[in-house]
Amino acid sequence: QVQLAESGGGLVQAGGSLRLSCVASGRTVGNYRMGWFRQAPGKEREFVAYISRFSGNTYYADSVKGRATISRDNAKNTVYLQMSSLEPKDTAVYYCAASQRAGVGSSVGGYDYWGQGTQVTVSS
């Protein structure tokens, strides 16, 4: 079992940058595939990025490719999502997720553990 806690959300102007953090309690993120998803009001939860377990390979949704970087610090049991060139369409609640099983990293169903989310609002 792992408990996830996101932080770093807030209000940012369009074109700005933001770094989100997710702390995993009781487990090291290096042993999990860690993902970031987001959900805007009235919309489905959508994939943003993930980093694979052990290898650390990273993958991104087309919507954020080139603007987002996912990374992890195993010593701190923390995974990060650095975003730049933010746009109003990026406004959503951002969730981190974890899985230690094989699955589709870009799918909500590929994860077993979820944080409570952190709000990101991008103003124009």
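For the structure, check the block above.
From a predicted model like this one, the values you see are computed outputs, not experimental measurements. Here the residue numbering is sequential within each chain, running from 1 through the sequence in written order. Predicted model: local features are reported for residues with pLDDT of at least 70 only, side-chain atom pairs are reported and counted for 80 or more only, and whole-chain, interface and lining totals are derived from all residues. Side-chain measures here rest on the full set of heavy atoms in the structure, leaving out hydrogens and waters.

Student: Account for the pairing of strand β8 (residues 78-83), naming residues and giving values.
Tutor: Throughout this description, buried means an accessible area under 20% of the type-specific maximum (1.4 Å probe, protein chains only), exposed means over 50%, and partly exposed covers the range between. In this description a helix means any DSSP run of H or I spanning at least four residues, a strand means any run of E spanning at least two, and both kinds are numbered starting from the N terminus. When you tally the buried positions in β8, you get 5 out of 6 residues, the bulk of the element. Pairing of strand β3 (residues 18-25) with β8, which is carried by 6 bridges, proceeds in the antiparallel orientation. Bridged to Arg 19 within β8 is Gln 82. When DSSP finds two or more bridges between a pair of strands, those strands are recorded as paired. Bridge count between strand β7 (residues 68-73) and β8: 6 bridges; the pairing is antiparallel.

Student: Provide a residue-level description of the environment of Tyr 94, including the pertinent values.
Tutor: Within the secondary structure, Tyr 94 is located in strand β9 (residues 92-99). Along the sequence, Tyr 94 and Thr 118 sit 24 residues apart, while their C-alpha atoms lie 5.3 Å from each other. Among residues more than four places away in sequence, those in contact with Tyr 94 are Glu 6, Leu 20, Trp 36, Phe 37, Arg 38, Val 48, Leu 81, Met 83, Gly 117, Thr 118 and Val 120. Distance and chemistry together define a polar contact, namely a pair of N or O atoms within 3.5 Å, with one atom able to donate a hydrogen and the other to accept it when in protein, and with adjacent residues in sequence counting only for side-chain atoms on both sides. Among the polar contacts listed, one links the side chain of Tyr 94 to the backbone oxygen of Asp 90, at a separation of 2.6 Å. Here, two residues are considered to be in contact whenever any of their heavy atoms come within 4.5 Å of each other.

Student: Before we move on, could you go through the sheet that holds strand β1 (residues 3-7) and cite the residues and values that matter?
Tutor: The 4 strands lie next to each other as β1-β3-β8-β7, forming an open sheet whose pairing is antiparallel. Strand pairing shows two members of the sheet lacking a second neighbour, β1 and β7, which therefore form its edges. Strand after strand, the sheet turns through a mean of 15° between neighbouring axes, direction not considered. For helices, the fitted line uses only the C-alpha atoms of the stretch in contact; every axis is such a line through C-alpha atoms, and the angle between N-to-C directions lies from 0 to 180 degrees.

Student: Hey, could you go over the pairing of strand β5 (residues 46-51) for me, with residue numbers and the actual values?
Tutor: Counting buried residues in β5 gives 5 out of 6 residues, a clear majority hidden from the surface. The pairing of strand β4 (residues 33-39) with β5 spans 5 bridges and is antiparallel. Counted as the bridge partner of Arg 38 is Glu 46 from β5. From the end of β4 to the start of β5, which pair antiparallel, there are 6 residues, and Gly 42 there has a positive phi angle of about 75°.

Student: Could you give an account of the environment of Ala 75, with specific residues and numbers?
Tutor: Positionally, Ala 75 belongs in the loop between β7 and β8. For Ala 75, a relative accessible area of 76% corresponds to the exposed category. Residues Ala 75 and Val 29, spaced 46 residues apart in sequence, show a C-alpha to C-alpha distance of 8.9 Å.

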